[in-house]
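Coordinate inspection notes
If you want the building blocks of each chain, they are given just below.
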Amino acid sequence: MEIITNVAIIRDMENIEIFPIRVTEKNFIKIRKRLEFVKFQIICILKQMKDQGEIKSIWRPKNKKIQDKLNNLVKVKRMIDKSINKIKEFYKNK
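Remember, predicted model here, so these are calculated numbers, not experimental data. (Residues numbered from 1 in each chain as written. Predicted model: local features only at pLDDT ≥ 70, side-chain atom pairs only at ≥ 80, totals over all residues. Heavy atoms only, no water.)

Counting its secondary structure elements, the protein contains two helices and four strands. Beginning at the N terminus, the succession of helices and strands in the protein can be written as β-β-α-β-β-α. Its C-alpha atoms put the protein at 45 × 20 × 20 Å along the principal axes. Burial analysis of the protein (94 residues in total) assigns 33% to the buried set. Pairs at least 24 apart in sequence give 54% of the contacts found in the protein among residues at least 6 apart. (Helix = DSSP H or I, 4+ residues; strand = E, 2+ residues; numbered from the N terminus. Buried < 20%, exposed > 50% of the residue type's maximum accessible area, 1.4 Å probe, protein only. Contact = heavy atoms within 4.5 Å.)

Before going further, it helps to examine helix α2 (residues 67–90). With 24 residues, α2 should reach 34 Å at 1.5 Å per residue; the first-to-last C-alpha distance of 35 Å fits that figure. Of all the residues in α2, the buried ones are Q67, L70, L73, V74, V76, M79, I80, S83, I84 and I87. Tucked inside the fold, the buried residues of α2 contact β1 (3–10), β2 (16–23), α1 (28–52), β3 (55–57) and β4 (60–61). (Expected span 1.5 Å × (residues − 1).)

We now examine the environment of N6. Summarising the element assignment, N6 is placed in strand β1. Remark: the alpha-carbon pair of N6 and V23, spanning 17 residues in sequence, is separated by 9.9 Å. In this structure, N6 is in contact with I18, F19, P20, L35, M79 and S83, ignoring residues within four places of it in sequence.

The subject of this paragraph is the packing of aromatic side chains. Using the criterion set out here, one finds two aromatic pairs in the structure. Seen from their ring centres, F28 and Y91 are 4.6 Å apart, and the 15° between their planes marks the pair as stacked. Note that F28 is positioned in helix α1 and Y91 in the segment after α2, a separation of 63 residues in sequence. For the pair F28 and Y91, one class covers both residues: buried. Aromatic pair F90 and Y91: ring centres 4.9 Å apart, planes at 80°, arrangement edge-to-face. Take F90: its relative accessible area is 35%, and that puts it in the partly exposed class. Of the aromatic side chains, those joined through ring pairs into one cluster are F28, F90 and Y91. (Phe/Tyr/Trp six-rings, centres within 6.5 Å; stacked < 30°, edge-to-face > 60°.)

Glancing now at α1. The terminal C-alpha atoms of α1, which comprises 25 residues, lie 36 Å apart, in line with the 36 Å expected from a rise of 1.5 Å per residue. Along α1, the positions that sit buried rather than exposed are F28, I31, R32, L35, V38, I42, I45, L46 and M49. Buried positions along α1 lie against β1, β2, β3 and α2. Phi for G53, located one or two positions after α1, is positive at around 85°.

Here the structure, examined in full by the defined rule, presents seven salt bridges. The salt bridge involving R11 is made with E17; its shortest N-O contact spans 3.3 Å. Look at R11 and you get exposed, because its relative accessible area is 51%. Between K69 and E14 there is a salt bridge whose closest N-O contact spans 2.9 Å. (Salt bridge = Lys/Arg side-chain N within 4 Å of Asp/Glu carboxyl O.)

Structural data, given as structure tokens:
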């Protein structure tokens, strides 16, 4: 059995690539780990921005021009969370 879920590749804040991928019983662990790594990357980007003083929080940047980029990062993070949960639920007995 297989499912199709979305995956993201993040090169930087402006260059985020989202595409669907087929998850099977043979590769679901690798894909889940990769999704968890991408989620960790997003969290690191946000923490780095906060440490540098570019943002106070996700919803309150000091520069309003980066708000769209922050919203996009948060949207991708939520999509990744949903994909991880989808994989965990579908393959929880394996």
